Amino acid sequence: MVDQDRTDVQENPHFMDEEDRQHVRERLVFFSDAVIAIAMTLLALELPVPHGETNTEVWRRFVELLPDEYLNFVISFAVIAAFWLAHHQYFRKIHVVDAALRRYNLGWLFLIVIVPFATRVDNEDGRFVLGPVLYAVVISGIASLLVLMARHAIRAHLMRPEAPPHAMRRLLVGAGTAAAVFLLSIPVSFVSTSWAKYFWLLTIVAPAISNRLLTRRAA
């Protein structure tokens, strides 16, 4: 199986030689890292500055901003950071980049740069359902595209020849679970926008539980 994958990689028409293969892959990774860094920076640029006539008023305003704007910033930063780590781990296993993977990656980056906008909408329209629904749609889209990228890498033989068959399992489970959690939070948003945000916390524990169950089944 490994030999067959190695042959498929060597005969892949998406590069001319080893140097070209490395150049295309590294350029895609560097470009993605730059876009992600810009998106994370834009999150901070949108943070409101507390104002007041006295120190007490400034501190009061700061405390008022904590549960909404500042907390949403921390959540969005953590979400983008988690997806960057998953993206990083993904490309550590990728040997070849083809045209389809480049398109998937561009779509993924498109949604990444929308996260600051979705965060701002959620901050400004916190009482209305649009904010959490838009945020959930964007995040579930990012996670779903990671799943598609992982499945494509397996089917198109883009992975490193020495990578084990289950190399993408953790990414598939983690991203798939995150997509499911955020999609399920959409109907919850119509009941309570606050409950929907608490529902998102399931992404912290759900992937670990799913991976543990799959490990037990495999054993």
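Residues numbered from 1 in each chain as written. Predicted model: local features only at pLDDT ≥ 70, side-chain atom pairs only at ≥ 80, totals over all residues. Heavy atoms only, no water.

1. What about the overall build of the protein?
Of regular secondary structure, the protein possesses eight helices and zero strands. From first element to last, N terminus to C terminus, the protein shows the α and β order α-α-α-α-α-α-α-α. The proportion of buried residues among the 219 residues of the protein is 41%. For the protein, contacts bridging at least 24 residues in sequence account for 74% of all contacts bridging at least 6. Accessible area for the protein stands at about 12800 Å²; split by element, carbon and sulfur atoms hold 63% of it. (Helix = DSSP H or I, 4+ residues; strand = E, 2+ residues; numbered from the N terminus. Buried < 20%, exposed > 50% of the residue type's maximum accessible area, 1.4 Å probe, protein only. Contact = heavy atoms within 4.5 Å. Areas by Shrake-Rupley, 256 points an atom, 1.4 Å probe, with all protein chains shown as cover.)

2. A word on the packing of helix α4 (residues 99–124) against helix α5 (residues 130–155)
Interhelical geometry of α4 versus α5 gives an angle of 160 degrees and a closest axis separation of 9 Å. It follows from the interaxial angle that α4 and α5 lie roughly antiparallel. Note that α4 runs across α5; the crossing there is left-handed. In the contact of α4 with α5, the residues fall into 22 nonpolar, six polar and one charged. (Axes fitted to C-alpha atoms, helices over the stretch in contact; angles between N-to-C directions. Parallel < 35°, antiparallel > 145°, perpendicular 65-115°, else oblique. Left-handed = near helix turned anticlockwise from the far one by under 90°. Nonpolar A, V, L, I, M, F, W, Y, C, P; charged D, E, K, R; others polar.)

3. Thoughts on the nonpolar core
In terms of nonpolar packing, the biggest core is built from 49 residues, with Phe-83, Tyr-90, Phe-91, Ile-94, Trp-108 and Ile-142 touching the most fellow members. Counting only elements with at least two residues in this core, the list comes to α2 (18–45), α3 (55–92), α4, α5 and α6 (169–191). Considering every element that reaches this core, the biggest residue donor is α5, with 13 residues. Those residues in contact with Trp-108, other than ones at most four positions away along the chain, are Ile-36, Phe-83, His-87, Ile-142, Leu-145, Leu-146 and Met-149. (Core = buried A, V, L, I, M, F, W, Y, C linked by side-chain atoms within 4.5 Å.)

4. Focus: α4
Over its 26 residues, α4 extends 39 Å from the first C-alpha to the last, a length consistent with the 38 Å expected when each residue adds 1.5 Å. At Val-115, α4 is deflected by roughly 35 degrees, the largest bend along its length, and proline Pro-116 occurs up to four residues later in sequence. (Expected span 1.5 Å × (residues − 1). Bend = angle between axes of the 7 residues up to and from the residue.)

5. Brief notes about the side chain of Asp-122
Assignment of secondary structure puts Asp-122 in helix α4. Leave out the neighbours within four places in its chain, and Asp-122 touches Asn-72, Gly-131, Pro-132, Lys-197 and Trp-200.

6. As for the packing of aromatic side chains
Under the criterion given, the structure shown has five aromatic pairs. Centre to centre, the rings of Tyr-135 and Phe-182 are 6.5 Å apart; their planes meet at 50 degrees, and the pair counts as tilted. Of this pair, Tyr-135 sits in helix α5 while Phe-182 sits in helix α6, and the two are 47 residues apart along the sequence. Just as Tyr-135 is buried, Phe-182 falls in that class too. What links up through ring pairs into an aromatic cluster is the set Tyr-135, Phe-182 and Trp-200. (Phe/Tyr/Trp six-rings, centres within 6.5 Å; stacked < 30°, edge-to-face > 60°.)

7. Thoughts on the environment of Phe-62
Looking at the secondary structure, you find Phe-62 in helix α3. On the accessibility criterion, Phe-62 (30% relative accessible area) is partly exposed. In the structure, Phe-62 is positioned eleven residues away from His-51 in sequence and 8.2 Å away in space, judged by C-alpha atoms. Excluding residues within four positions of it along the chain, Phe-62 makes contact with Pro-50 and Tyr-70.

8. Side note on unusual backbone geometry
Its identity is not glycine, yet His-157 carries a phi of approximately 55 degrees, on the positive side. You can see His-157 is positioned in the loop between α5 and α6.

9. Remarks on a nonpolar patch on the surface
Taken together, the side chains of Val-191, Trp-195, Tyr-198, Leu-201 and Ile-204 make up a nonpolar region of the molecular surface, amounting to roughly 640 Å² of accessible area. Position of Ile-204 among the secondary structure elements: in helix α8 (residues 202–218). Here Ile-204 falls in the exposed class, since its relative accessible area comes to 62%. (Patch = residues over 30% accessible without salt bridge, like charges linked within 9 Å, V, L, I, M, F, W, Y side chains within 5 Å. Salt bridge = Lys/Arg side-chain N within 4 Å of Asp/Glu carboxyl O.)

10. Regarding the packing of α3 against α5
In the contact formed by α3 and α5, the axes pass within 11 Å of each other and the chain directions differ by 5 degrees. The orientation of α3 relative to α5 falls into the category roughly parallel. For the pair α3 and α5, contact is made by Ile-75, Ser-76, Val-79, Phe-83, Ala-86, His-87, Tyr-90 and Phe-91 and by Tyr-135, Ile-139, Ile-142, Ala-143, Leu-146, Met-149, Ala-150 and Ala-153, respectively. A per-class count over the contact of α3 with α5 returns 14 nonpolar, two polar and no charged.

All we've got here are geometric facts, nothing functional implied.
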